[in-house]
Amino acid sequence: MDYQHLGRSGLRVSRLCLGTMNFGMTTDQPGAFGIMDTALAMGINFVDTADVYGGPQSPDMEKGYGVSEEIIGRWLSQGGGRRERIVLATKVYQPMDTGPNDRRLSAYHIRRACEESLRRLRTDHIDLYQMHHVDRSTPWEEIWQAMDQLVREGKVTYVGSSNFAGWDIATAQNAATARNVLGLVSEQSLYNLASRTVELEVIPALRHYGVGLIPWSPLAGGLLAGVLRKANEGRRAGEQMQQQIEQRRSQLERYEALCAELGELPADVALAWLLRNPVVTATIVGPRTTEQLSRSRRALEISLSEETLRELDGIWPGPGGEAPQAYAW
């Protein structure tokens, strides 16, 4: 397994980050335990979850929220040095109940949400506490005060963001600098060959401030995982996926043909393309089975040539570069 610094911090994490959004939804507890055991055996030390993962439809809890954290907490409680071997990340922002303060980024909610996540995860600290979305109705002075308090208490070590715009990252970092604190070390964004909007302003902002990028949905919900060959299997047979296939059939045919020429699986090429970007610290993989997780290791071994990168750009064109050059001239 390869490891890289999380943004400009001194913390080193595996380049594959185990995403656990499926835990409690499509993957039950025994399956989740097997996946986490396999991740450790592979050398993956970066585990990402969120307080809201699991969903209210899960039978594991009365409301269902927090099921993913609950499963991870039960796995950690087995001992064997599990907690000491992983960098544990979770998130705050999404609704956790129906009350007016059960969501977003008020200091009130951040404190309560952190305590609840610690309880579910059965740990005394969160290594990376991520804001799941920007909250422009709460001042940064309040947000950083709440985060600073959690850091001083030893409940949080690093702070990250998710789904922030470039100017939100800049605003957050400037506010953190004014308080003489580290600020953000990472940002989770939607980023894959088929969704490259973050190249306009988010990636330049991350590079400038030394914030590591953690792409989510690296396979575009399965679209980049050899979907034409698997069109009649599982969720890829759903109506929404079929619509996406028809809209992008020409691109998918070219992409899967290129991967066949390279002798690589489309999913591995998609992950390798992300990992070659120096701003990307790690990419999230959200396997539903141990087999899917084990196969993802191949992406770390693929080196894409300049010619292949040009071909991929031709198939999956980005926004034309970084702002403002991408649209100004």
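Keep in mind that what you see is a predicted model, and the values were worked out from it rather than measured. (Residues numbered from 1 in each chain as written. Predicted model: local features only at pLDDT ≥ 70, side-chain atom pairs only at ≥ 80, totals over all residues. Heavy atoms only, no water.)

Asker: Requested: an account of the environment of Arg276, with residues and values cited.
Answerer: Along the chain, the position of Arg276 falls in the loop between helix 10 (266-275) and strand 10 (283-285). Its relative accessible area of 45% is what places Arg276 among the partly exposed residues. (Helix = DSSP H or I, 4+ residues; strand = E, 2+ residues; numbered from the N terminus. Buried < 20%, exposed > 50% of the residue type's maximum accessible area, 1.4 Å probe, protein only.)

Asker: Account for the sheet that holds strand 6 (residues 126-131), with residues named and values stated.
Answerer: Read across the sheet, eight strands follow the order 9-8-7-6-5-4-3-10 without closing on themselves; strand pairing throughout is parallel. In the strand order of this sheet, the two ends are held by strand 9 (212-216) and strand 10, each with one partner. The average undirected angle you get between the axes of adjacent strands in this sheet is 30°. Across three bridges, strand 3 (residues 16-19) lies against strand 10 in parallel orientation. When the bridges of strand 10 are listed, Leu18 appears paired with Val285. (Pairing = 2+ DSSP bridges. Axes fitted to C-alpha atoms, helices over the stretch in contact; angles between N-to-C directions.)

Asker: Break down the side chain of Arg15 for me, citing the residues and quoting the values.
Answerer: Among the secondary structure elements, Arg15 is positioned in the loop between strand 2 (12-14) and strand 3. Buried and without a salt bridge, Arg15 has Asp2 as its closest oppositely charged side chain, separated by 6.1 Å. A polar contact is formed between the side chain of Arg15 and the backbone oxygen of Val280, at a distance of 2.6 Å. Aside from chain neighbours lying at most four places away, what touches Arg15 is Met1, Asp2, Tyr3, Gln4, Leu275, Asn277, Val280, Thr281, Ala282, Thr283 and Leu300. (Lys, Arg positive; Asp, Glu negative; His and termini not counted. Salt bridge = Lys/Arg side-chain N within 4 Å of Asp/Glu carboxyl O. Polar contact = N/O pair within 3.5 Å; in protein donor to acceptor, adjacent residues only side chain to side chain. Contact = heavy atoms within 4.5 Å.)

Asker: Quick rundown of the packing of helix 1 (residues 29-42) against helix 2 (residues 67-76)? Include the residues and the values.
Answerer: Contact geometry of helix 1 with helix 2 gives a least axis separation of 10 Å together with a crossing angle of 60°. Between helix 1 and helix 2, the angle falls in the class oblique. Every pair of crossing elements has a handedness; the one defined by helix 1 and helix 2 is right-handed. Facing helix 1, whose interface residues are Gln29, Ala32, Phe33, Met36, Asp37 and Leu40, helix 2 presents Ile71, Ile72, Arg74 and Trp75. (Parallel < 35°, antiparallel > 145°, perpendicular 65-115°, else oblique. Left-handed = near helix turned anticlockwise from the far one by under 90°.)

Asker: How would you summarise the packing of aromatic side chains if you had to cite specific residues and measurements?
Answerer: Inspection of the entire model under this criterion finds four aromatic pairs. Ring geometry for Tyr255 against Trp316: centres 5.9 Å apart, planes inclined by 75°, an arrangement best described as edge-to-face. Here Trp316 lies in the loop between helix 12 (306-315) and helix 13 (325-328) and Tyr255 lies in helix 9 (residues 249-262), a separation of 61 residues in the sequence. Tyr255 sits in the buried class, given a relative accessible area of 1%. Under the relative-accessibility criterion, Trp316 is labelled buried at 1%. Among the aromatic residues, ring-to-ring pairing joins Trp140, Trp144 and Phe164 into one connected group. (Phe/Tyr/Trp six-rings, centres within 6.5 Å; stacked < 30°, edge-to-face > 60°.)

Asker: Let's hear about the nonpolar core: which residues, and what values?
Answerer: The biggest cluster of nonpolar side chains holds 84 residues, and the ones touching the most others in it are Met36, Tyr129, Met131, Trp144, Met147 and Tyr255. If near-sequence neighbours (up to four positions away) are discounted, Tyr129 is found in contact with Thr90, Lys91, Val92, Ile110, Ala113, Cys114, Met147, Leu150, Val156, Tyr158, Val159 and Gly160. Core analysis: the second largest hydrophobic core is formed by 13 residues, Leu6, Leu11, Ala89 and Val185 among them. (Core = buried A, V, L, I, M, F, W, Y, C linked by side-chain atoms within 4.5 Å.)

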